[in-house]
Amino acid sequence: MAAIYAGIHQKLKSSQTPWSDKLKLAQFAWASSQCILPNKEQVLLDWTVHALSCYYSKKVKVPLEVVERLWTYLDDVLNSKKLSNVLSQGKNITLNPAVSQIINERILEGTTGMLSISLSTVLSCCHGILTSPVLSVSYTARYDLLVDLLVRICGLACFQLSQHESSGPLRLKVFEVLFLVLSTYLTVQKQQGNTNRVFTQVTEHLLQPLCLLRHLLTTRAWAEEDDLSIRQHLNKDIRCKVDLILQSALFFHDRLPYYKEEVLPSERRSGPKKGSASNTYVCPVATILSKLVHGHGDDKEALFYAVRCNSLQLLFKFALDSFCKENKLLCFHIMTKFVTTLDFTEDLSIKETFNTENWSLVLLSLENILNSCLAGDIYNVAADRIHHKEVQLHYYRKVAQLLFNNAQTDVPAWYRCLKTLLTLNHQILEPDLDELISSAWVDADNFELRVKKARETLICAVIQTYAKLRQLPRLFEELLVVICRPAADELRQELLPEAVQKSLSQCLLDNPPSQNLEICRLILKNMPNVREMRNESALKLFFLSILLHAVIFNLKTLDDSTPVPTVRQTQSLMEEMLKFVRSLLQYLEGVLIADIPWGEKIQETALLLTHTWHEADTLFQIHCSKYQSPAGANHEMSPVCDTIEKVLAQTGSAGEVSSALSRLLQKLLALQRMKKHLLVSPSAETKNILCEIAQYVVNRQEPLIHMSSDQTWDLQLCSVNSDTYSVAYWFVVTTNLPLIAPYLSQEDASYIADTMLNSLLQSDFRSSLEKMDQSIFLISKQLLESMVLCELPQLHSAVVTSITKRIFEVLCASDVPSFLKSSAEFGVESIDKDEHMADFSPSLRRLKSIAREVMNCVETGVSILVSEAQVSHLLKLVKITSVLNLHAMSPEDYLELFLCSFLMNVCVQHDGNEALSVPISLLEELFKLMALLLMRQNSYIVLKVVHGSTLLEAAMTSVSSCFSKGLLFSVDNPAWFPFLQSVQGFIQCLIQLIIIKKNSTRINLEKFANFMIERVALDGTSSGDSGEYEEALYVQLHLATMSTLCKELIPILGKTKQLDQTVIHLLGKIVSIMGPAIQAVLTGKAGSMLRQSFFVDVVTVMIKSELAKASHQTEHIVEGNGKDKISHMGFYKSFGQQILKELCPAARPMDFLNSSIHYLSAFYLAAKANKELDLKDLRFTILQHVHTLLSGAWMSVSEVKELEAPVKDMLAQLMGSCSKEQFHLLFLLLRDGLVASKVGGGCHTEVLASLTLIKLLACCSLPDTCSKAFWLTVPQILSSLVFVIRESSEVASLTSALTVPAVETLTTLLRQGESWLSNPHHVIIGLGALHFVPLDSHSMGDYYSAFLAIHEALFAIILCYPKVMLKAAPTFLNCFYRLVTSIMHEGRQKGEKEREKDSGTLLKCAMLVERMYTHIANTADGFTVLSSFIVAQYVSELQRVTLQPEIKAHLTEGIYHILDSCAEQHIKFLNRTLQMGVKEVFRELYKNYVHYHKSQRQGEEKYTA
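Residues numbered from 1 in each chain as written. Predicted model: local features only at pLDDT ≥ 70, side-chain atom pairs only at ≥ 80, totals over all residues. Heavy atoms only, no water.

A. The arrangement of the overall build of the protein in detail. Counting its regular elements, the protein contains 67 helices and four strands. Taken across its 1505 residues, the protein has 54% of its residues classed as buried. Taking as baseline every contact in the protein between residues at least 6 positions apart, the subset at least 24 positions apart corresponds to 78%. Total accessible area on the protein is roughly 66900 Å²; 52% of this is exposed by carbon and sulfur atoms. (Helix = DSSP H or I, 4+ residues; strand = E, 2+ residues; numbered from the N terminus. Buried < 20%, exposed > 50% of the residue type's maximum accessible area, 1.4 Å probe, protein only. Contact = heavy atoms within 4.5 Å. Areas by Shrake-Rupley, 256 points an atom, 1.4 Å probe, with all protein chains shown as cover.)

B. Region of the structure containing helix α11 (residues 195-219). With 25 residues, α11 extends just 32 Å between its outermost C-alpha atoms, more than 12% less than the 36 Å of an ideal straight helix rising 1.5 Å per residue. If you look at α11, its biggest bend is around 60°, right at Leu206, and the proline Pro209 turns up within four residues after that. Measuring from the side-chain oxygen of the N-cap residue of α11 to the backbone nitrogen of Asn196 gives 3.0 Å; that N-cap residue is Asn194. (Expected span 1.5 Å × (residues − 1). Bend = angle between axes of the 7 residues up to and from the residue. Polar contact = N/O pair within 3.5 Å; in protein donor to acceptor, adjacent residues only side chain to side chain.)

C. Focus on the environment of Ser572. Following the sequence through the fold, Ser572 ends up in helix α28 (residues 564-588). Given a relative accessible area of 27%, Ser572 falls into the partly exposed group. A distance of 3.2 Å separates the side chain of Ser572 from the side chain of Arg521, its partner in a polar contact.

D. Fine view of the side chain of Gln408. Position of Gln408 relative to the elements: it lies in the loop between α20 (391-405) and α21 (412-424). Once you skip the residues sitting within four places of it in the chain, Gln408 turns out to touch Trp359, Leu363 and Trp414.

E. View of the environment of Ile752. If you trace the backbone, Ile752 turns up in helix α35 (residues 746-762). For the pair formed by Ile752 and Arg700, sequence separation is 52 residues and the distance between their alpha carbons is 8.9 Å. With sequence-adjacent residues up to four places away left out, Ile752 is seen in contact with Val698, Trp730, Val733, Leu737, Leu744 and Leu795.

F. Just the layout of surface pockets, in detail. In this model, the second largest pocket occupies a volume close to 540 Å³. Lining the second largest pocket are 24 residues; nearest its centre among them are His549, Phe553, His611, Leu715 and Leu717. Mapped onto the lining of the second largest pocket, the elements with two or more residues apiece are α25 (498-510), α27 (535-553), α29 (599-623), α31 (660-679) and α33 (725-735). Among the residues making up the lining of the second largest pocket, the classes are represented as 13 nonpolar, eight polar and three charged. (1 Å grid on protein atoms, 1.4 Å probe; cavity = no way out; pocket = protein on both sides within 12 Å on 5 of 7 lines; lining within 4 Å. Points joined across faces, edges and corners; volume = space filled by probe spheres on them. Nonpolar A, V, L, I, M, F, W, Y, C, P; charged D, E, K, R; others polar.)

Printed below as a string of structure tokens:
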């Protein structure tokens, strides 16, 4: 055969052979092992490359189809396993250098769209070359060729990224090859000895393409069609490689002298000037910036300007990372050059070529550059002043001037730039403070959400900065100057938004009282003269009054410890303020507000200042005995008394109460008067006044509140207007209910209840509305859910009455029984006829009569037809009722609500079939509500008016009637099963109530059981007239009811002999009915449509019923006749076999799996009670199937955890009488799962199953022989766990799937084996395994689960093995230190979105660390030797990061406990040995410890026995 191929080489080279034949020969030669050629692989590769080279150099003509096939052939060869094997054997194969050039040219053609062959094939060839270390030499040996390849592949990627979405998704192959080229280039770049050459190549050829690529990757709006691996992984990896290339090439440490030479002033340069170097090397900054500015056409000006802005901030960050530690001044001068490149001059004025549309990009770039300066700490104020003549300060002031001269108040980044400048040094913005306050605060006119948030953050930062500097009065001086300037005040928005208000409040609390009083005086001083009032003056007066109100309401109140000078200053201020308020009130006396254009604002100001003065004055008097009110001891001179009297007298005058804010302030003043009266001794006259004021505050004659509107209010008085007044009014009323409720009339209470109910009905009550601002709906919802309503019985009763009234109104719109239309008078005639009702109150007698009528309605089959709109309305009312605190109801309200719900349940029917799930959902909610009512403390009252069995029978009759009327005709309706569960819940609660209250228990239970048995028998005889599905529904309902009855009967066995006889008899009758019924359904066609878990639960109840019955009638069974104990054993066995078949083959619903495991436990007990012969086989079969189930690839970790509880119960049943031989078989089964090789082999679910069963076995009570055998093998299990944890920790995706469960099993074994594991080595093995658990997961859920698992394992060791912990203290502490460093890294200050997302989880981790610190400190005295080491580790890590305040609070509290155990010599040792930066952190920590924690602890010890 070899002879056939002897001339193949000549045929390939021959020009006579057709190209198609040559290609076939080459393909056959490569694929065939019988073709023997010397150096075959090299020959075929050379021939292919030569053919392509000749074609592209136009030396020969080759058909395009053949060219395409040549590329495919080259691709197959380069990526073949055969070539890989040959190269791995050390055979020397070289690739013609021409192929690299050809590939580069084809990639360029792919970018321009001129490529005539498949781009994927070319890229695949490139991939094959670069992935082979031998073949890649064709690129790596020629640096310029590799640079050319990188430029062209970047161009191709940029071309794809810049295409519109309509052009199709991104090609994965392009980005895979791009990442490979970047990796290869980075490796070669690092190997280059000549850094100047690298710098030149990157700036000349790569800088622009790489910056463009990074920009497009960063700014792309990813589409769903884009490959997931590009979006999630390659995108990030490519950007990371680009960053490494640019940083290592442009800012290599060896280039530092060149940067110094270029940018530093002559007196600051160090080192000789290199005159021989080229200009590129001497001026690296200019070279880099010139490449970013130039080199593109006008058609792409906008794109490349965006690239420039994004790249400058990135490159500056690289410069900081490389040079900041060496020379911070150098970094500053580089920054100035970079900022100038944003189209600014050297003096930071705008160039003529600047495009104003680019301001947003410029400000974003400038913000990032300034933030980098802040993070790099390149600006030291003292060093700049002493050594550098304030060069940095002057420059930053120029930047501030640039920002103010070209204010871009509609761009959020403008505010953030100013905030960063403020953080660098407040003196930068000090000269322009008035401009800052005007532009960013008082006169701001853009209220787009992002702009508003950025502006408020800046204002808060300004306030906090001046508060720290103790210069708040200076800030307020400037603020008042800006407010008092001539301006269009009516266009000004609110001065103190919520965020600013909170910040100001906190700063005023920390500010010295003298400064706060100075601020108040400044505001009063700037108040316009009342006699010279004009419209603009009135508006300024209102703004200033709002500011004064905010300041005074946030002052720290006076108390008896306040210094006398401060008290006198405060009294003086209050006198000045009172004088001004009086002047305003006198100005308003006898004047109609409508006659003065600015009268409305003056009235608002007068009322606001009156309210403010009185609140402050009252508070000062209550808390400070040294304070004397300027209004006198009896408040005869108080402006409030006069104002309130006038308000109450003039409420009918529309001219006097003109604005919404005035009306609200009048209510607040009325409440102040009410509080004043409550402080004096009560009298009849006082009570009348209080009732009048309460009536005035509620004011049922208020203009109609727009309950359906979505209007919100931010709780700021300045934002109250005609739109927000309704919300503000409702907020004032509801928040003061504890004050006014005792003095409200019944009509007022009903008005409040109706208003609340209306607002809740107007909105979707279940909606999860999370707004910072308040709305009427939110306020009502909060009131309904609060405990305040429970403390106000009159109002709570009014709410219940309003709900029942509304329900009756909805029902009475339909054709209803006559008693509903006059329910208030019903039953009066029949009161004397019932002797049993003599002891009842009139209201209870009325309700008992109503209950009797309701039961009559059920017996006669009365229906109330309601429309879909009525059903929806009733559904809302029921959902609102279920939120009410039902414990707070009076017995009458409770019974009325229950009867109302029961009436709706048994009588309401839908008048059409167009939306069947709606009435079913109504019935479901009603059953849930009645179940809730039956679990509350007044539930006993129900059984006083109606027999329990009567209620049960009525409920079941009404549900059965739904079938006959076609309401529940569809078995597979999704609403059916929740409805069935709600019916079961109601029956369960009512039966429990009958049993607990001992209300004729035997009679009621027997009556209801017989009713259900008769109902089943009746349905069975009439089932021939109904369809199979309808019959299945009937059976399902009856089975659910009877199984619920059985479940409640079983626990009451053993209480009394008579009750036992009744219950045993009932259980026997019910089980005898349920058995045939369920078998009939399972064998019918409808059985396949029913939920499997339901029938499993029912049969489980049957088994438990028979077991309970058998265990309580053993004295009646003849010895040896145990086989008759369980009557349906054959059915149970076949049912169990079917469950075992369906348990494992594929995924099953979790409810079925839960039910099945419960069934297997019960079935095993039944087999044991029936003395089955194959009990041992059954036990092992069940265990095998459960193990197989837990090993299923479809089972997630959360699903396995969900099954742990039922499996644990099952193991307790199965292992209770297990022999040693059977336990050995089980252990062999589990041991096979604990093999580390299965972790990486895709069989990790088998390992998880074994881990789960071992963990549950450790918690089970085993027979002595089995227990001893188990704990003897635990050391072996621990060793296996270490290997499992080590192997699984190497695969990131297995952290939560296997590593964490393995650690949890380890923890359980350590906890449960405290009395068994006597060898310390076994515990130390487990401790060592914790070092492998990864704490760097990208998912916060995985991170927390790993963190918690390690913590719990450490806690188990410290709790159960303190001596072992002391022995292995370094290992223990190193493991715990991983947790500390991890939470410090994750808990550092981040962006607001990221912080909000992870804050809850990280806070829990910090609390765990604090807990562990506490336990370490309390463990043993011998451990205190290492306390200083623990503290040193903590402060060393703390010095590196800035923690979130809430995280730091917990960690600090924990380390304080460690410091408690540190002796004085330990503290001295730390002060001596810690490095300088760390030492400062420690001193601050220890200072706070002594000040806050140690003094408190010593105080506690003083009073501890």
